[in-house]
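Breakdown of the fold
One letter stands for each residue in the lines below.
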Amino acid sequence: VPTLPVDEPFDYQIGGDYDLAPGVGVVSRDWFSGEPLEDGYSICYVNAFQTQDDEDGVDRPDERSNWPAELVLSELGDDPEWGGEYLVDISTAEHRAAAADHLEPMIETCATKGFDAVEFDNLDSWTRFDDTDLEGEVPFGQDEAVAFATLIVAEAHSLGLAAGQKNTPQLGAEASLEIVGFD
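Bear in mind the structure is a predicted one, so any value in this text is a computation, not a measurement.

Inspection of the secondary structure puts Gly114 in the loop between helix H1 (93-113) and strand S4 (117-120). For Gly114 and Cys44, which are 70 residues apart along the polypeptide, the C-alpha to C-alpha distance reads 9.3 Å.

On to the state of the cysteines. By the definition in use, this model includes one disulfide. Across the disulfide, Cys44 is cross-linked to Cys110 (sulfur-sulfur distance 2.0 Å). A torsion of -70 degrees about the S-S bond marks the disulfide between Cys44 and Cys110 as left-handed. Here Cys110 lies in helix H1 and Cys44 lies in strand S3 (residues 41-46), a separation of 66 residues in the sequence. One exposure class covers both Cys44 and Cys110, and it is buried.

This next bit is on the layout of surface pockets. A water-sized probe rolled over the atoms picks out the places where empty space is left. Quantified by volume, the second largest pocket comes out at close to 210 Å³. Contributing to the lining of the second largest pocket are 13 residues, with Ile14, Tyr45, Trp82, Glu85 and Asp121 lying nearest its centre. Of the residues that constitute the lining of the second largest pocket, the class distribution is four nonpolar, four polar and five charged.

Before going further, it helps to examine unusual backbone geometry. We note that Asn122 has phi near 75 degrees; this positive angle belongs to a residue other than glycine. With a relative accessible area of 3%, Asn122 lands in the buried category. Backbone geometry at Asp131 places phi at a positive 65 degrees, although glycine is not the residue there.

What follows deals with the nonpolar core. In this structure, Val46, Phe49, Leu103, Phe120 and Ile152 are the most contacted members of the largest nonpolar core, which totals 39 residues. Of all the elements in the fold, those that place two or more residues in this core are S3, H1, S4 and helix H2 (142-158). For this core, the element with the highest residue contribution is H2, accounting for seven residues. By size, the runner-up hydrophobic cluster in this structure holds five residues, among which are Val26, Tyr41, Ile43 and Ala117.

Attention now moves to the sheet that holds S4. The strand order across the open sheet built from five strands is S1-S2-S3-S4-S5, with neighbouring strands paired in parallel fashion. Bordering the open sheet on either side are strand S1 (10-13) and strand S5 (162-164), each of which pairs with just one other strand. Strand-to-strand twist across the sheet, computed as the mean angle between neighbouring axes with direction ignored, equals 25 degrees. Note that strand S2 (residues 26-30) and S3 share five bridges and pair parallel. By the bridge assignment for S3, Val26 is matched with Tyr41.

This part is about the environment of His157. By secondary structure assignment, the location of His157 is in helix H2. In sequence terms His157 and Ile43 are 114 residues apart; their C-alpha atoms lie 14 Å from each other. With near-sequence residues (within four places) excluded, His157 lies in contact with Val1, Ala162, Ala163, Gly181 and Asp183.

A few words on H1. Between the first and last C-alpha of H1 there are 30 Å, a value that for 21 residues agrees with the 30 Å anticipated at 1.5 Å per step. Maximum bend of H1: about 35 degrees, positioned at Leu103, with proline Pro105 one to four residues after it. Within H1, the full set of buried residues consists of His95, Arg96, Ala99, Ala100, His102, Leu103, Met106, Ile107 and Cys110. For H1, the elements touching its buried residues are S3, S4 and H2. Phi turns positive, to about 100 degrees, at Gly114, one or two residues after H1.

Here is what the cut-offs are and how they apply
- Residues numbered from 1 in each chain as written.
- Predicted model: local features only at pLDDT ≥ 70, side-chain atom pairs only at ≥ 80, totals over all residues.
- Heavy atoms only, no water.
- Helix = DSSP H or I, 4+ residues; strand = E, 2+ residues; numbered from the N terminus.
- Disulfide = S-S within 2.5 Å.
- Buried < 20%, exposed > 50% of the residue type's maximum accessible area, 1.4 Å probe, protein only.
- 1 Å grid on protein atoms, 1.4 Å probe; cavity = no way out; pocket = protein on both sides within 12 Å on 5 of 7 lines; lining within 4 Å.
- Points joined across faces, edges and corners; volume = space filled by probe spheres on them.
- Nonpolar A, V, L, I, M, F, W, Y, C, P; charged D, E, K, R; others polar.
- Core = buried A, V, L, I, M, F, W, Y, C linked by side-chain atoms within 4.5 Å.
- Pairing = 2+ DSSP bridges.
- Axes fitted to C-alpha atoms, helices over the stretch in contact; angles between N-to-C directions.
- Contact = heavy atoms within 4.5 Å.
- Expected span 1.5 Å × (residues − 1).
- Bend = angle between axes of the 7 residues up to and from the residue.

Below, the structure is given as structure tokens:
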């Protein structure tokens, strides 16, 4: 599994690829439309815990309408902070397995394109409706999110990809590295 260089300047380009500033050696780009760097460390962004918004003229498997309907928590509505994104239901082992199966081709695309790592966004999705009228309505919590992360990190590792997560610092480094398996 490739190791992330810690002293390299970083750019986050999930809205579309563009030329890097001089000296940037690490970039995160969208799994669907992004391309890895020729020279440098490339991270493949996958919105694993929530759907992408449906986009006109695009047919992405991670869009809300392309996820299996039983895995989209439509009754909650979209994420209050990220319009158009809906939580993926990972409340049961069966749902987690089905969601991991749905993500598998996306993770495989990251490997096939030549990315070094994958970033699974929105691990903290169980917190997205805190301080709203729907607080307490998300049918899963941290334990289920960690269990799901463990499944998809194992898939990434099986394809030779490192796996990382920028959300949920409250898990701490020990839980992230030992329980979930993030690199």
